[in-house]
Amino acid sequence: MTPAEMVDALVPPPQFTTASFDSYIPDDDYPSQRAAVELCRGFAGNATPRRSSGRGFLSRVLFAKKSGTTKPGIYLDGGFGVGKTHLLAATWHAYPGRKYFGTFIEYTALVGALGYQNAVKAFTGASLIAIDEFELDDPGDTMVMTKLLGELVESGTCVMATSNTPPNALGEGRFAAQDFLREITKLSNVFDTVRIDGVDFRRRAVEGEAVVSEQGELEAQVERRSAAGETVAHDPFRGLVEHLARVHPSKYVKLVEGVDAIALDDVEVLTDQAEALRFVAFIDRVYDAQIPVIASGEPLDAIFGGGMVDGGYRKKYLRSVSRLIASTGAAREQEAKAAAPAE
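Residues numbered from 1 in each chain as written. Predicted model: local features only at pLDDT ≥ 70, side-chain atom pairs only at ≥ 80, totals over all residues. Heavy atoms only, no water.

Considering the pattern of salt bridges
Okay, step 1: All told, the structure shown has 16 salt bridges when counted by the stated rule.
Okay, step 2: Of the charged contacts, one joins Asp 28 and Arg 34 as a salt bridge, the two residues approaching to 3.0 Å between their closest N and O atoms.
Okay, step 3: You can call Asp 28 exposed: its relative accessible area is 63%.
Okay, step 4: The salt bridge partner of Glu 133 is Arg 319, with a shortest N-O separation of 3.7 Å. Highlighted residues: Glu 133 in the loop between strand 3 (128-132) and helix 7 (139-154) and Arg 319 in helix 14 (residues 314-339), separated in sequence by 186 residues. Of the two residues examined, Glu 133 and Arg 319, each falls in the buried class. (Salt bridge = Lys/Arg side-chain N within 4 Å of Asp/Glu carboxyl O. Buried < 20%, exposed > 50% of the residue type's maximum accessible area, 1.4 Å probe, protein only. Helix = DSSP H or I, 4+ residues; strand = E, 2+ residues; numbered from the N terminus.)

Examining the environment of Ala 161
Okay, step 1: Tracing the backbone through its elements, the reader meets Ala 161 in strand 4 (residues 158-163).
Okay, step 2: When its relative accessible area of 0% is taken as the criterion, Ala 161 is described as buried.
Okay, step 3: Each residue touching Ala 161, except ones within four places of it in the same chain, is listed here: Ile 74, Tyr 75, Leu 76, Leu 88, Ile 131, Phe 134 and Phe 191. (Contact = heavy atoms within 4.5 Å.)

Re the confidence of the model for the protein
Okay, step 1: For the protein, per-residue confidence averages 83 on the pLDDT scale, and 82% of positions sit at 70 or higher.
Okay, step 2: Contacts for the low-pLDDT stretch residues 201-206, under 50 throughout, to residues beyond four places or in other chains number 18 contacts. (pLDDT = per-residue confidence, 0-100.)

As for unusual backbone geometry
Okay, step 1: Of note in this structure, Glu 133 is not a glycine but carries a positive phi near 55 degrees.
Okay, step 2: On the basis of relative accessibility, which here comes to 9%, the residue Glu 133 falls in the buried class.

Some words on the sheet that holds strand 7 (residues 261-267)
Okay, step 1: Read across the open sheet, the three strands follow the order 6-7-8; overall the sheet is parallel. Each edge of the open sheet is held by one strand with a lone partner, namely strand 6 (232-236) and strand 8 (293-297). Taking the axes of each pair of neighbouring strands and ignoring which way they run, one obtains an average angle of 10 degrees across the sheet.
Okay, step 2: Most of the contacts of helix 10 (residues 215-227) go to strand 7, to which it runs at about 160 degrees, and overall it touches strand 6, strand 7 and strand 8. (Pairing = 2+ DSSP bridges. Axes fitted to C-alpha atoms, helices over the stretch in contact; angles between N-to-C directions.)

Brief notes about the sheet that holds strand 3
Okay, step 1: In spatial order, the strands read 2-3-4-1-5; together these five strands make up an open sheet with parallel pairing. Only two strands of the sheet have a single partner each, and these edge strands are strand 2 (99-103) and strand 5 (191-196). Each strand axis lies, on average, 15 degrees off the axis of its neighbour in the sheet, ignoring direction.
Okay, step 2: Bridge count between strand 1 (residues 73-78) and strand 5: six bridges; the pairing is parallel. Note that in strand 5 the partner of Gly 73 across the bridge is Phe 191.
Okay, step 3: In the packing of helix 5 (residues 104-114) onto the sheet, the strands contacted are strand 2 and strand 3, and the crossing angle to strand 2 comes to about 105 degrees.

Description of the nonpolar core
Okay, step 1: Phe 237, Phe 279, Phe 282, Leu 300 and Phe 304 are the most contacted members of the largest nonpolar core, which totals 35 residues.
Okay, step 2: Elements with a minimum of two residues in this core: helix 11 (237-244), strand 7, helix 13 (273-288), strand 8 and helix 14.
Okay, step 3: Considering each element in turn, this core owes the most residues, seven residues, to helix 13. (Core = buried A, V, L, I, M, F, W, Y, C linked by side-chain atoms within 4.5 Å.)

What to know about the packing of helix 5 against helix 7
Okay, step 1: For the pair helix 5 and helix 7, the least separation of the axes is 11 Å and the interaxial angle reads 85 degrees. The pairing of helix 5 with helix 7 is recorded here as roughly perpendicular in orientation. Between helix 5 and helix 7, the contacting residues are Phe 104, Tyr 107, Thr 108 and Val 111 on the first element and Asp 141, Val 144, Met 145 and Leu 148 on the second.
Okay, step 2: Residue composition of the contact of helix 5 with helix 7, by class: six nonpolar, one polar and one charged. (Parallel < 35°, antiparallel > 145°, perpendicular 65-115°, else oblique. Nonpolar A, V, L, I, M, F, W, Y, C, P; charged D, E, K, R; others polar.)

Thoughts on the packing of helix 6 (residues 116-123) against helix 7
Okay, step 1: Helix 7 packs onto helix 6 with a crossing angle of 35 degrees between their chain directions and a minimal axis gap of 10 Å. Where helix 6 crosses over helix 7, the handedness of that crossing is right-handed. Between helix 6, through Tyr 116, Val 120 and Phe 123, and helix 7, the contact on the second element is made entirely by Val 144, Lys 147, Leu 148, Glu 151 and Leu 152.
Okay, step 2: For the contact of helix 6 with helix 7, the class distribution of residues is six nonpolar, no polar and two charged. (Left-handed = near helix turned anticlockwise from the far one by under 90°.)

Things to note about the pairing of strand 7
Okay, step 1: For strand 7, the tally of buried residues reaches six of seven residues, placing the bulk of the element in the interior.
Okay, step 2: Alignment of strand 6 against strand 7, held across five bridges, turns out to be parallel. Counted as the bridge partner of Pro 236 is Asp 265 from strand 7.
Okay, step 3: Looking at chain direction, strand 7 and strand 8 are connected through four bridges and run parallel. Looking at strand 8, one finds that Ile 262 is bridged to Val 293.
Okay, step 4: In this fold, strand 7 hands off to helix 13, which returns the chain to strand 8; that crossover is right-handed. (Right-handed = clockwise from strand over helix to strand, strands pointing away.)

Observations regarding the side chain of Glu 335
Okay, step 1: With respect to the secondary-structure elements, Glu 335 resides in helix 14.
Okay, step 2: Among the residues examined, Glu 335 registers a relative accessible area of 16% and is labelled buried.
Okay, step 3: Leave out the neighbours within four places in its chain, and Glu 335 touches Gln 221, Arg 224 and Arg 225.

Take a look at the structure:
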């Protein structure tokens, strides 16, 4: 991938290609959902394209007065499954000008691949930076993203982000707390925080189980899908994990491009944190592309071993577990439909 391709890939994932404010259905039991829709609608509807004439701060002030917000960013806080990503994508679609949409991991990976100054150059002049799953698991990423967002906001770019933790609580109990608090204070001043309450559908999914296939069953599924014209990536689990170490995370999106299904042989428990985090980043791309996963060996929802799920990256691992359950479940549903007799 060229730097330009990496930047161009920062768009909403396929399941949110058509996300809009009208297609978000608020739960009347949680008024904060309807309020969040209207705030996001106003944030996008009152925006004006940015100019590169040094009037960034002035244009930001005018925007703040029009939209009813007092800061150049909106931060959607809430539990899993309340529609934060949907609203982020809907705002991105409605927002004028050059804009980017990606996960926090994608942005930090891109900065690492391009270099800081090249990343600043690539994003300068953007009207909106949309950041999904805002996380501060690493002090280095925290400082880099704080500096990057600070420079972009000063040049007139607006920022919208989602997370499951409010800005002033991110990093609590993780690594060097004082460093986190110092940097997070700067970041939190950029955002108006909006709390979205609601039923936590994704946490329910975590209580399910990933589908495990016997090796013969897996091979039969691969054969059937291939015969039907699908492109199936069939690899040993250990081989995939080792290959991910040789590919920059910002390029994982290219690994899954054009793939209709993924089959993994002999899944095993991961105890190396670096391997586990690379696999999490890979599954994020798989889930974004809505690719079903077929796997033999250990259940994919139980692969994060050695107490990793209880550590500083707990939220990352729980999100990945949820997505692995959904991805293997999707493969099973597709197989059931394929095996059903034609009406």
